[in-house]
Amino acid sequence: MPAVDQSIEQQLDAYLNKGETDPDKNLAALNSIIAQMDAQTPVSTRVRALSYKALSLAYKQDWDAAFEMNERILRLAKQSEIPDAIAEAYANKIELLQGQGKAAEAYLLVANAELPLKDAKLPRVRYYVHNLISRIYANWNKYEEALTHLLAAQQAVAETHNSRTILRRQYLNLSIAQIQSELGQWQKTIDTASAAIKFGQQQNELSSNPDLWLLLAYAQTSLEQFEQAKDSLQHAIETSRQLNYPGVELTALNNFGDLYLRLGDYAKAKSYLNQALEMAQKNDDEVMVQTIKFNLGFIDVKQNRSKIGLTAMEEVLQYFKDKDYSLDVEDLLGEIAEAYALMGQYQKQADALMQRMKMREERINAEQQQNISQLQKLYDSKDKAQQIELLKKENELKQRAIEINKQQSVIWGLVGVVVVFAIILLLLMYRAARRANIKLKEANSQLANQSLRDPLTGLWNRRALQQTMDQRDQRDAQTKSQATDGLLLLDIDFFKRINDRLGHNSGDKVLIELSQRLEKMCRHSDRLVRWGGEEFLFYFEGVDNSSLRHIAQRVLETIAADPIDIDGERVHVSATCGYILLPFAGVDESKLDWERVLQLADMALYSGKAHGRNRACGITDLHVEFSQFEDQLKGDLSKAIDENWISMEIFEGPGGPTKVEVPSH
Ligand SMILES: Nc1nc2c(ncn2[C@@H]2O[C@H](COP(=O)(O)OP(=O)(O)OP(=O)(O)O)[C@@H](O)[C@H]2O)c(=O)[nH]1
């Protein structure tokens with residue numbers, strides 16, 4: 001059994017027993033009880049106290065606060081998972097909805113309370129929830145179900161022994177009897193009501209007895225136990241007078257009148273009805289006044305005062321029609337039809353009965369319709385809410401899918417960007433590497449070039465000539481060329497004097513100027529090399545003696561034709577050359593290579609210097625066997641010339657070439 005706080009439970013019992021009707025006082029009393037509770041207070045007790053508070057708020061018409069409180073109770077109960085607490089929390093909601101007139105919503109919630117109720121342990125909770133559910137079922141004319149719950153509530157009450165036990169038992173007895181009468185179970189109604197009256201008398205708990213007597217009389221009348229019914233009505237009047245229940249007393253008086261009317265004792269009927277009329281008027285109970293007047297009218301009809309009686313009855317009928325009390329109108333129509341019959345007005349009787357039937361049909365249809373539309377509305381709204389919930393979830397899922405897709409495309413986009421950047425970076429790196437490579441190559445080739453160039457004049461150097469000659473060897477080996485090339489060695493005359501007179505820098509300028517002049521003479525295949533300080537060497541590809549001679553002439557002219565302007569001073573420069581063809585005089589280069597041939601050119605140059613400078617000396621032919629001449633290469637050429645072993649031609653520089661023929665044999 002779930003734990004409860006005995007002290008608070010007793011206070012709540014006392015609160016109920018007091019039966020205070022002032023809503024503010026009720027709320028204050030509950031608040032002071034609730035103030036004693038904290039998180040340690042057992043949930044079942046907290047749910048009970050808070051439920052009373054919710055009902056108390058509803059009683060004050062503060063529905064928002066009441067339902068808000070109920071939500072809190074439901075949360076608390078569901079969290080606790082205690083069936084008693086959950087059943088009571090739902091019952092509380094049902095009671096609030098019912099109180100607010102939302103009968104269909106209340107009805108639909110019954111199952112929520114019924115489910116935990118099966119496992120509920122606390123008798124108080126079982127009594128309260130079963131009893132409440134029975135009332136809901138009874139409202140929906142589901143009397144069987146209502147009865148089942150009332151019996152279960154009775155069972156629960158039997159397990160309790162406190163100040164409210166007897167009261168609750170009696171209340172349940174009355175409710176059961178009422179349901180039995182609704183079901184037309186007249187004998188059961190009689191049994192239940194009789195037993196309850198006896199029990200009430202034994203326990204001195206009489207509060208339900210007037211109603212029980214009334215109900216008993218009703219059942220007895222239905223079974224035509226008129227004497228017993230009279231007796232019961234008499235008790236109903238007496239007990240209600242004792243307890244001061246004027247409403248019950250009035251009904252009992254009226255029912256007495258009805259009963260005598262039915263029995264044909266109009267005098268007695270009138271007597272009771274007049275008593276009832278007086279009382280109803282005193283109580284300002286207009287409906288009752290009209291009902292009694294109707295009955296009195298009926299008696300008049302029965303006693304042959306038909307006109308007065310019928311008029312009174314029709315007036316009352318109109319009153320109820322105006323008030324729209326359709327149930328009462330239906331009853332009255334039945335009785336007025338009887339009156340018409342008594343008066344022989346059968347057409348009117350038929351009309352009244354027809355009207356009654358129509359009203360009944362309409363009422364039943366309207367009720368059904370209302371219930372159905374209420375349920376339909378509720379179902380629709382729940383269905384819609386469910387569909388909305390589903391759509392929401394679906395949308396959430398779609399949204400998530402879209403977000404994931406977005407994220408994926410962002411990721412792919414980023415990957416793409418990264419890849420593109422990586423490719424661009426690689427390309428840039430590749431291009432940079434290539435550029436660096438090219439630059440390196442350029443630098444290398446520049447370096448290589450520089451290593452082949454003379455730094456002052458920019459002309460080729462000795463190493464470059466060596467390369468050219470190596471390439472020449474390869475070329476000749478491949479083509480077995482018969483072509484002859486030319487070598488021309490050139491030395492500036494008295495260059496020392498220029499240096500001495502104008503300074504070394506001016507000497508450099510002379511060297512640079514001459515280099516530029518000579519370079520202009522060269523073809524692509526020629527090589528102009530700075531051979532030494534003021535010495536230059538030409539290599540001419542594919543020339544013969546005659547063209548070499550012309551070149552030598554032009555070289556001398558190029559140097560000496562125009563003086564060189566050095567810082568405003570015109571410097572006259574001349575040079576001496578020695579030239580020769582390669583191979584020399586058909587001697588195989590394996591015997592007389594280019595360097596040894598160049599020695600001959602150098603000897604020729606030396607000879608030119610010796611003969612007065614500004615001239616070119618060319619060794620043009622060999623007249624003896626090479627082996628005979630070979631030794632001469634180590635010495636000077638004069639002997640070879642003298643011996644006429646070789647031919648040498650000489651030109652003077654500008655001023656016209658003077659051909660000096662070396663004597664020959
Ligand atoms: N300004 C300058 N002078 C140089 C360079 N290389 C060599 N010389 C000079 O050239 C001169 C060559 O002098 P020599 O060998 O006596 O011959 P020369 O004065 O030209 O007389 P011949 O050749 O007999 O006509 C030397 O004084 C060297 O110092 C150079 O690069 N710049």
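Given the structure is predicted, the values throughout are model-derived calculations rather than measurements.

Enquirer: Help me understand the overall build of the chain in this model?
Expert: Scanning the chain from N- to C-terminus turns up 26 helices and 8 strands. Looking at the chain as a whole, 43% of its 665 residues are labelled buried. Across the chain, the fraction of contacts at a sequence separation of at least 24, relative to all contacts at a separation of at least 6, is 63%. If you sum the accessible surface of the chain, you get close to 36000 Å²; carbon and sulfur atoms cover 51% of it.

Enquirer: Would you mind going over helix α24 (residues 594-610) with me for this structure?
Expert: Given 3.6 residues per turn, any residue in an α-helix points the same way as the ones three and four places further on. Counted at 1.5 Å a residue, the expected span for α24 with its 17 residues is 24 Å, and the 24 Å between its end C-alpha atoms agrees. Buried within α24 are the following residues: W594, V597, L598, L600, A601, M603, A604, L605, S607, G608 and K609. Of the residues flanking the end of α24, it is G612, one or two places downstream, whose phi is positive at about 120°.

Enquirer: When you look at the site of the ligand in this model, what are you seeing that I'm missing?
Expert: In the vicinity of the ligand lie 16 residues, with F494, F495, N499, R530 and R613 positioned nearest. In the model, an oxygen atom of the ligand is placed 2.8 Å from a nitrogen or oxygen of the F495 main chain. Between an oxygen atom of the ligand and a side-chain N or O atom of R530, the distance comes to 2.6 Å. When residues of the shell around the ligand are traced back to their parent elements, those giving at least two are β1 (485-492), α21 (495-502) and α22 (504-521). When residues in the shell around the ligand are grouped by element, the largest group, 4 residues, is from α22.

Enquirer: I would appreciate a short explanation of the UniProt feature "repeat: TPR" (unreviewed entry) in the chain in the present structure.
Expert: In the numbering adopted here, UniProt assigns the feature "repeat: TPR" (unreviewed entry) to residues 250-283. Secondary structure content for residues 250-283 is 91% helix and 0% strand, while the C-alpha to C-alpha distance between its ends is 9 Å.

Enquirer: It is not clear to me how unusual backbone geometry should be interpreted in this structure. Could you clarify?
Expert: Working note: non-glycine residues mostly have negative phi, and peptide bonds are mostly trans. Put simply, L582 and P583 share a cis peptide bond, and its omega is -5°. Mapped onto the elements of the fold, P583 is located in the loop between β6 (575-582) and α24. At N304, a residue that is not glycine, the phi angle is positive and equals roughly 65°. Looking at the element boundaries, N304 is found in the loop between α16 (286-302) and α17 (306-323). Using a relative accessible area of 68% as the deciding quantity, one classes N304 as exposed.

Enquirer: Any chance you could explain the UniProt feature "transmembrane region" (unreviewed entry) in the chain here in plain terms?
Expert: The positions UniProt marks with the feature "transmembrane region" (unreviewed entry) are residues 410-430. With 100% helix and 0% strand, the stretch residues 410-430 has end C-alpha atoms that lie 29 Å from each other.

Enquirer: What am I meant to see in the confidence of the model for the chain here?
Expert: Close reading of the predicted structure is inappropriate where its pLDDT is low. Mean pLDDT over the chain stands at 89; residues scoring 70 or higher make up 95%. Counting interchain partners and residues more than four positions distant, the pLDDT-below-50 stretch residues 656-665 has 18 contacts. Here the prediction assigns the complex a pTM of 0.51, and the interface score ipTM is 0.95.

Enquirer: Help me out: how do you make sense of the pattern of salt bridges in this one?
Expert: It is possible for side chains of opposite charge to pair when their charged atoms get near one another. Under the counting rule described, the total for this entry stands at 30 salt bridges. With a shortest N-O distance of 3.7 Å, K302 and E338 are connected by a salt bridge. Here the residue K302 occupies a position in helix α16, and E338 occupies one in helix α18 (residues 326-342), the gap between them amounting to 36 residues. K302 sits in the partly exposed class, given a relative accessible area of 24%. With a shortest N-O distance of 3.4 Å, E541 and R475 are connected by a salt bridge. Highlighted residues: E541 in the loop between β3 (535-540) and α23 (545-560) and R475 in helix α20 (residues 462-479), separated in sequence by 66 residues.

Enquirer: Any chance you could explain the sheet that holds β6 here in plain terms?
Expert: Think of a sheet as strands paired side by side through backbone hydrogen bonds, with each pair either parallel or antiparallel. Judged by pairing direction, the sheet is mixed, and its 6 strands sit side by side in the order β2-β3-β1-β6-β7-β8 without closing on themselves. The strands lining the two open edges of the sheet, one partner per strand, are β2 (527-530) and β8 (646-652). Each strand of the sheet is rotated relative to its neighbour by a mean of 20°, with strand direction disregarded. Here β1 runs beside β6; their pairing, made up of 8 bridges, is antiparallel. The residue of β6 that forms the bridge with L490 is C577. Strands in contact with α20 are β1, β2, β3 and β6; relative to β3, the strand with the most contacts, it is inclined by about 20°. Its contacts with the sheet put α23 on β1, β3, β6, β7 (615-622) and β8, and the angle it makes with β6 is roughly 160°.

Enquirer: What exactly am I supposed to notice about a nonpolar patch on the surface here?
Expert: Among the surface-exposed residues, I411, W412, V415, V419, I423 and L427 lie close enough to one another that they form a single nonpolar patch of about 580 Å² accessible area. Using a relative accessible area of 48% as the deciding quantity, one classes I411 as partly exposed.

Enquirer: How should I be thinking about a positive patch on the surface in this particular structure?
Expert: Side chains of R431, R434, R435 and K439 sit close together on the surface and give a patch of like positive charge. Considering the arrangement of structural elements, one finds R431 in helix α19 (residues 346-452). Judged by relative accessible area, R431 falls into the partly exposed class, the value being 48%.

Enquirer: I would appreciate a short explanation of the nonpolar core in the present structure.
Expert: General note: in soluble globular proteins, nonpolar side chains tend to be found buried as a group. Core analysis: the biggest nonpolar cluster contains 62 residues, and I94 and V129 have the highest contact counts within it. In this structure, I94 is in contact with A106, L109, V110, A113, L132 and I136, ignoring residues within four places of it in sequence. With 57 residues, the next largest nonpolar core counts L261, A280, V289 and I299 among its residues.

Enquirer: Just checking my understanding: could you explain the packing of helix α5 (residues 83-99) against helix α7 (residues 110-117) for this structure?
Expert: The packing of two helices is summarised by the inter-axis angle and the distance between the axes. Two elements in contact, α5 and α7, have axes separated by 8 Å at closest approach and are oriented at 160°. As the angle between them shows, α5 and α7 are arranged roughly antiparallel. In this structure, α5 meets α7 at a crossing whose hand is left-handed. Residues P83, I86, A87, Y90, A91 and I94 of α5 pack against V110, N112, A113, P116 and L117 of α7. Across the contact of α5 with α7, the residue classes tally to 10 nonpolar, 1 polar and no charged.

Enquirer: What is the right way to read the side chain of T239 from this model?
Expert: Among the structural elements, T239 can be located in helix α13 (residues 226-243). In contact with T239, other than residues within four places in its own chain, are N209, P210 and W213.

Enquirer: Whenever I open this one, the environment of M288 confuses me. Can you help?
Expert: Counting through the fold element by element, M288 comes out in helix α16. Using a relative accessible area of 14% as the deciding quantity, one classes M288 as buried. In this structure the C-alpha to C-alpha distance between M288 and G247, which are 41 residues apart in sequence, comes to 9.8 Å. Contact partners of M288, with chain neighbours within four places excluded, come to L250, T251, N254 and A280.

Enquirer: Would you explain the packing of aromatic side chains in this entry?
Expert: In total, this model carries 13 aromatic pairs according to the counting rule given. Here F256 and Y260 contribute two aromatic rings whose centre-to-centre distance is 5.7 Å and whose plane-to-plane angle is 10°, an arrangement assigned as stacked. With F256 and Y260 both in helix α14 (residues 246-263), this residue pair falls 4 residues apart, about one helical turn. Here Y579 and F651 contribute two aromatic rings whose centre-to-centre distance is 6.5 Å and whose plane-to-plane angle is 15°, an arrangement assigned as stacked. Of this pair, Y579 sits in strand β6 while F651 is found in strand β8, placing the two residues 72 residues apart along the sequence.

Here is what the cut-offs are and how they apply
- Residues numbered from 1 in each chain as written.
- Predicted model: local features only at pLDDT ≥ 70, side-chain atom pairs only at ≥ 80, totals over all residues.
- Heavy atoms only, no water.
- Helix = DSSP H or I, 4+ residues; strand = E, 2+ residues; numbered from the N terminus.
- Buried < 20%, exposed > 50% of the residue type's maximum accessible area, 1.4 Å probe, protein only.
- Contact = heavy atoms within 4.5 Å.
- Areas by Shrake-Rupley, 256 points an atom, 1.4 Å probe, with all protein chains shown as cover.
- Expected span 1.5 Å × (residues − 1).
- Near = heavy atom within 4 Å.
- Polar contact = N/O pair within 3.5 Å; in protein donor to acceptor, adjacent residues only side chain to side chain.
- UniProt positions renumbered as here; feature names shortened; annotations may be inferred.
- pLDDT = per-residue confidence, 0-100.
- Salt bridge = Lys/Arg side-chain N within 4 Å of Asp/Glu carboxyl O.
- Pairing = 2+ DSSP bridges.
- Axes fitted to C-alpha atoms, helices over the stretch in contact; angles between N-to-C directions.
- Patch = residues over 30% accessible without salt bridge, like charges linked within 9 Å, V, L, I, M, F, W, Y side chains within 5 Å.
- Lys, Arg positive; Asp, Glu negative; His and termini not counted.
- Charge placed at Lys NZ, Arg CZ, Asp CG, Glu CD.
- Core = buried A, V, L, I, M, F, W, Y, C linked by side-chain atoms within 4.5 Å.
- Parallel < 35°, antiparallel > 145°, perpendicular 65-115°, else oblique.
- Left-handed = near helix turned anticlockwise from the far one by under 90°.
- Nonpolar A, V, L, I, M, F, W, Y, C, P; charged D, E, K, R; others polar.
- Phe/Tyr/Trp six-rings, centres within 6.5 Å; stacked < 30°, edge-to-face > 60°.

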